[in-house]
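Here's the letter readout for the chains.
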Amino acid sequence: MKRSTSNIIIGGGAAGIFTAIRCKELDPTSEVILLEKSNQLLSKVRISGGGRCNVTHACFEPSLLAKNYPRGAKELIGPFHTFQPKDTVSWFQERGVSLKAESDGRMFPMTDSSETIIDCLMQAASTAGVEIHKKKNPLSIQKKEGQFFIQLGNEELVADQLVLATGSSSSGYLFAKSLGHPIVEPVPSLFTLNVPTSPLLDLSGISIPDAILTLKTSNFRQRGPLLLTHWGFSGPAVLKLSAWAARKIHELDYRDTLLINWTASSNAETLYQTLLQQKASSPLQTLPPLLPHKLLHRLCEALCIDPAIPLAKLPNKTLLQLACKLHADPYAVEEKTTYKQEFVTAGGVDLKSVDFKTMQSRITPGLFFAGEILNIDGVTGGFNFQNAWTTGWLAGTAMGKK
Ligand SMILES: Cc1cc2nc3c(=O)[nH]c(=O)nc-3n(C[C@H](O)[C@H](O)[C@H](O)COP(=O)(O)OP(=O)(O)OC[C@H]3O[C@@H](n4cnc5c(N)ncnc54)[C@H](O)[C@@H]3O)c2cc1C
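Treat the numbers as computed from the prediction; the structure is a model and nothing was measured. (Residues numbered from 1 in each chain as written. Predicted model: local features only at pLDDT ≥ 70, side-chain atom pairs only at ≥ 80, totals over all residues. Heavy atoms only, no water.)

Engineer: Which residues make up the overall build of the chain, and what are the values?
Structural biologist: Within the chain, the secondary structure is distributed over twelve helices and 21 strands. Taking the principal axes of the C-alpha coordinates as reference, the chain spans close to 85 × 40 × 35 Å. Residue burial in the chain is summarised as follows: out of 402 residues, 54% are buried. Counting only contacts in the chain whose residues sit at least 6 apart along the sequence, the fraction spanning at least 24 positions is 74%. (Helix = DSSP H or I, 4+ residues; strand = E, 2+ residues; numbered from the N terminus. Buried < 20%, exposed > 50% of the residue type's maximum accessible area, 1.4 Å probe, protein only. Contact = heavy atoms within 4.5 Å.)

This is the structure we're talking about:
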């Protein structure tokens, strides 16, 4: 059976659905068919943000927003001038869904339920008239005489325009490759660091509000909250570090030395001087509460320092040793663990091969890309969905206008 149509979108995630809605709303007369290989649409939206869906981030300045993308920052600045978080908020608001911002900038639906976002998107797709087919997994896609031939078992679909919005699925990369697109090797991003030899594993749950982390060999640095876990280290600073270092640390097989500056001190000397001043002014007191009690005790133990004795009894040499440890405490990273709240893939369709005004291929006219299939990934906080909304909007707009 053969069917000819105007627009086909492959992939029923955030990017595919958003592209389909925009295209069909802009040109209601054209056919928009969406093919999803599984029997469930928007499955990542459902589990995202711990079931709350961190839809976007309250950052409304395109150039600042783009800084949250280890890959894609340069290319996304232009698109963010067309569709940015403010537009995402309005888009959902116009369809009856209000978003709220948390103190760290993450935006969630007021209901705190990802089902609200799913219902809204599915309703918009249905109202616009997007034709959705589940359990459709194309076997091959070919371009002949200006049209795309999509083989689905004994069915064949022929389309004038095609979107690949298949996320990080390997089949999507293969289709892109078969249509002439170079693929940057996919590697994981947004993970936590495993340090099996850490003497702090039993202190799991302790968090430090402001630490500076450096991966010594990869040469990446991040500052922010750090969380001790029973396998190593997590928390916003680690996740951001993993995103920026994703490719380099992959090359190192996830082995590197993590240097923790526990108090975010500018240098060990300053910290040493602070301890000396404390010793001079309050010689009978013990060490100041630079860190949570149990953690400070454990770090002192490693240097054979008894934290219970008065400062007057701690030699200056010992205080210098402590300052050096607090400033650059080394831990041997041996593996990674994917963060359960949000993980993404770095790598995918090479950005040079895509026109970011329309998301159209520079190699194969009529072919578009949206979402995570592209070599774009953001840090945690709603930036990855924003990429899906923005690139989906641009692709849908360009297709709907044709
Ligand atoms: C646990 C978890 C939580 C997350 N939480 C957040 C969050 O709160 N905020 C945030 O910004 N980001 C979050 N992310 C990241 C975010 O989910 C992704 O960046 C986003 O879903 C990408 O959208 P997409 O449409 O490009 O890809 P996907 O959501 O992966 O959708 C791709 C779709 O294409 C389908 N598909 C694949 N191959 C084929 C094929 N050959 N034929 C037909 N269909 C195909 C897939 O089945 C899937 O439905 C989270 C990720 C995870 C894993």
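After presenting the structure, the write-up continues.
Engineer: Talk me through the pairing of strand S11 (residues 191-194); I want residue IDs and the actual numbers.
Structural biologist: Each regular strand shows side chains that alternate between the opposite faces of the sheet. Where S11 lies against strand S17 (residues 335-338), four bridges are found, and the strand directions are antiparallel. Paired with Thr 192 across the bridge in S17 is Thr 337. Both S11 and strand S14 (residues 232-234) contribute to a ladder of two bridges, which runs antiparallel. Bridged to Asn 194 within S14 is Gly 232. (Pairing = 2+ DSSP bridges.)

Engineer: Which residues make up the pattern of salt bridges, and what are the values?
Structural biologist: Scanning the entire structure with this criterion turns up 19 salt bridges. Ionic pairing is found between Asp 104 and Arg 106, a salt bridge with its closest N-O pair at 2.9 Å. Look at Asp 104 and you get partly exposed, because its relative accessible area is 43%. Looking at Arg 106, the relative accessible area reads 27%, which means it is partly exposed. Among the ionic pairs, Asp 210 bridges to Arg 223, the shortest N-O distance being 2.8 Å. With Asp 210 in strand S12 (residues 207-215) and Arg 223 in strand S13 (residues 220-228), this residue pair connects regions lying 13 residues apart in the sequence. Given a relative accessible area of 30%, Asp 210 falls into the partly exposed group. (Salt bridge = Lys/Arg side-chain N within 4 Å of Asp/Glu carboxyl O.)

Engineer: An account of the sheet that holds strand S5 (residues 106-109) is needed here, citing residue identities and associated values.
Structural biologist: The antiparallel open sheet is built from three strands, whose spatial order is S3-S5-S4. Each end of this open sheet is capped by a strand with a single partner; those strands are strand S3 (56-57) and strand S4 (99-101). Pairing of S3 with S5 involves two bridges; the strand directions are antiparallel. Bridging from a neighbouring strand, His 57 pairs with Arg 106 of S5.

Engineer: Go over unusual backbone geometry, please, and point to the residues and values.
Structural biologist: Unlike most non-glycine residues, Asp 112 shows phi in positive territory, near 60°. As for its position among the elements, Asp 112 is in the loop between S5 and helix H6 (114-128). Of the residues examined, Asp 112 reaches a relative accessible area of 30% and is grouped as partly exposed.

Engineer: With reference to specific residues and values, describe the packing of aromatic side chains.
Structural biologist: Inspection of every chain in the model, using the stated rule, returns 14 aromatic pairs. When the centroid spacing of 6.5 Å and the interplanar angle of 45° are considered together, the rings of Phe 18 and Trp 393 count as tilted. Placement of the pair is Phe 18 in helix H1 (residues 14-26) and Trp 393 in helix H12 (residues 383-401), with a sequence separation of 375 residues. Residue classification places Phe 18 among the buried positions, given a relative accessible area of 2%. Assessed through its relative accessible area of 15%, Trp 393 is described here as buried. Consider the rings of Trp 91 and Phe 92, whose centres lie 5.0 Å apart with planes at 75°: the pair is edge-to-face. Classification of Trp 91 as buried rests on a relative accessible area of 4%. An aromatic cluster is defined as three or more aromatic residues linked by ring pairs; in this entry it consists of Phe 18, Phe 83, Trp 91, Phe 92, Phe 385, Trp 389 and Trp 393. (Phe/Tyr/Trp six-rings, centres within 6.5 Å; stacked < 30°, edge-to-face > 60°.)

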